[in-house]
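Summary of the model geometry
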Amino acid sequence: MRLLAIETSCDETSAAVICDGAVLSNIVSSQIKLHAEYGGVVPELASREHLRNLLPVIRAALSEANLCNEQIDAVAATQGPGLPAALMVGFKAAQSFAFALRRPFFGINHHEAHLYSPWIADQPLRADFAAFQPNISLIVSGGHTMLVHVEGELKHRVLGGTIDDAAGECFDKIAKLIGLPYPGGPELDKLTTGGNPRAFAFPRPLLHEANDDFSFSGLKTSVRYFLRDHPHLLDDEQSLRDLCASTQAAIVEVLVTKTIRAAKRLGVGCVTASGGVTCNSGLRTELAAACAKNRFTLRLAEKNLCTDNAAMIGILAERKLLAGHAPLRSDAEINVSWALA
Ligand code: KG4
Ligand code: ZN
């Protein structure tokens, strides 16, 4: 069975072809450079860029998989959540493709797909469901931060999420205060090299609260006031590195501590993580150390699958199809605020 998947919920235009758990192709066209001068994703520009890029991206995905349109057996696309006009481009294109070829069409929740990206690994990429086990999944990106209890395949329950800023947003806003270009998370991460994570004590919001929620806006504000009171700090290379290492340590400690605590409480033996912030060096190292200490299996999404991609949409859609889930009706619409339950 060959499935074509499309993802356009935010600023990546992506198409993938999946066949029996194997990723035959996964083309991702990122719009980061386009949005950089505005310091964030501009929805109108994002949807226009998806319109421009989608057909070439689909053609490239089919060509890399050595397939023509008629050889596709099923189609899937991100149905929500996401930017309305961005979602619309990929969803309607996929729906039309499926309708024209009379193929089943599946609408996928973007966050549910993130839960399965850590299970896609190896070269060539394929989903390793033989190794699947119940887990606590951390989804951390520029738009979302949530903890999910994945009780089994296609069975999950959201435990908590951010009550204000997402972790990636916090990284980006602090990076902006320091004067780093958008998106600043990866730049801030690079500057932590040689920095002392204990040089400055920033708050660890909600660390000791008995819930699975996060809050990062207070941390950003505390860095803002700290820089207002110590403006000279940015002129010194070592102090700058110490500042980056200290802010990263605060964000990472909250993410790791709450993830491990949830895994212990719910008695699962496995932790997974995905979303752009899962590329963060500190998060990868600290999660690995904490999981080793607690004897949890750790599955981090491959770095190129941490950010948004159609492979994870396709892998989940194929699982749903095999599990007998019904395809969407041909008049289905996007679901912009489709919260994961
Ligand atoms: O998943 P993603 O590509 O897009 C969405 O937000 O949906 O995640 C992008 C976010 C940005 O906030 C970016 O700064 C952050 O992930 N990010 C990082 C790193 N790489 C990406 N944050 C910290 N350290 C990194 N190495
Ligand atoms: Zn995402």
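Look up: the structure comes first, before these words.
Residues numbered from 1 in each chain as written. Chains lettered and ligands numbered in written order. Predicted model: local features only at pLDDT ≥ 70, side-chain atom pairs only at ≥ 80, totals over all residues. Heavy atoms only, no water.

**Brief notes about the coordination of the zinc ion (ligand 2)**
Surrounding the zinc ion (ligand 2) are the protein donor atoms His-110 (NE2), His-114 (NE2) and Asp-308 (OD), at 2.1 Å. Read N to C, the donor residues that coordinate the zinc ion (ligand 2) are spaced as H-x3-H-x193-D. Here His-110, found in helix H4 (residues 110–114), pairs with Asp-308, found in the loop between helix H10 (303–306) and helix H11 (310–322); they are 198 residues apart in sequence, far enough to count as distant. Each member of the pair, His-110 as well as Asp-308, is classed as buried. (Donors = N, O, S within 2.8 Å, 3.2 Å for Na, K, Ca; no water. Helix = DSSP H or I, 4+ residues; strand = E, 2+ residues; numbered from the N terminus. Buried < 20%, exposed > 50% of the residue type's maximum accessible area, 1.4 Å probe, protein only.)

**Notes on the site of ligand 1**
Taken together, 18 residues lie near ligand 1, and Gly-142, Asp-172, Asp-189, Gly-276 and Asn-280 sit nearest. The contact in question runs from an oxygen atom of ligand 1 to an N or O atom on the backbone of Gly-143, over 3.4 Å. Between ligand 1 and the protein, one listed contact pairs an oxygen atom with a backbone N or O atom of Gly-185 at 3.3 Å. Alone, ligand 1 offers 550 Å² of accessible surface; in the complex the protein occludes 87% of this. With respect to the pocket detection grid, ligand 1 is positioned in the largest pocket. Put simply, the parts of the chain that give the shell around ligand 1 at least two residues each are helix H5 (167–178) and helix H6 (184–191). In the shell around ligand 1, the residues fall into five nonpolar, nine polar and four charged. Two domains each provide a minimum of three residues to the shell around ligand 1, namely domain 1 (2–125 + 306–322) and domain 2 (133–301). (Near = heavy atom within 4 Å. Polar contact = N/O pair within 3.5 Å; in protein donor to acceptor, adjacent residues only side chain to side chain. Areas by Shrake-Rupley, 256 points an atom, 1.4 Å probe, with all protein chains shown as cover. 1 Å grid on protein atoms, 1.4 Å probe; cavity = no way out; pocket = protein on both sides within 12 Å on 5 of 7 lines; lining within 4 Å. Sits in = over half its atoms within 2 Å of the grid points. Nonpolar A, V, L, I, M, F, W, Y, C, P; charged D, E, K, R; others polar. Domains from an automatic or database assignment.)

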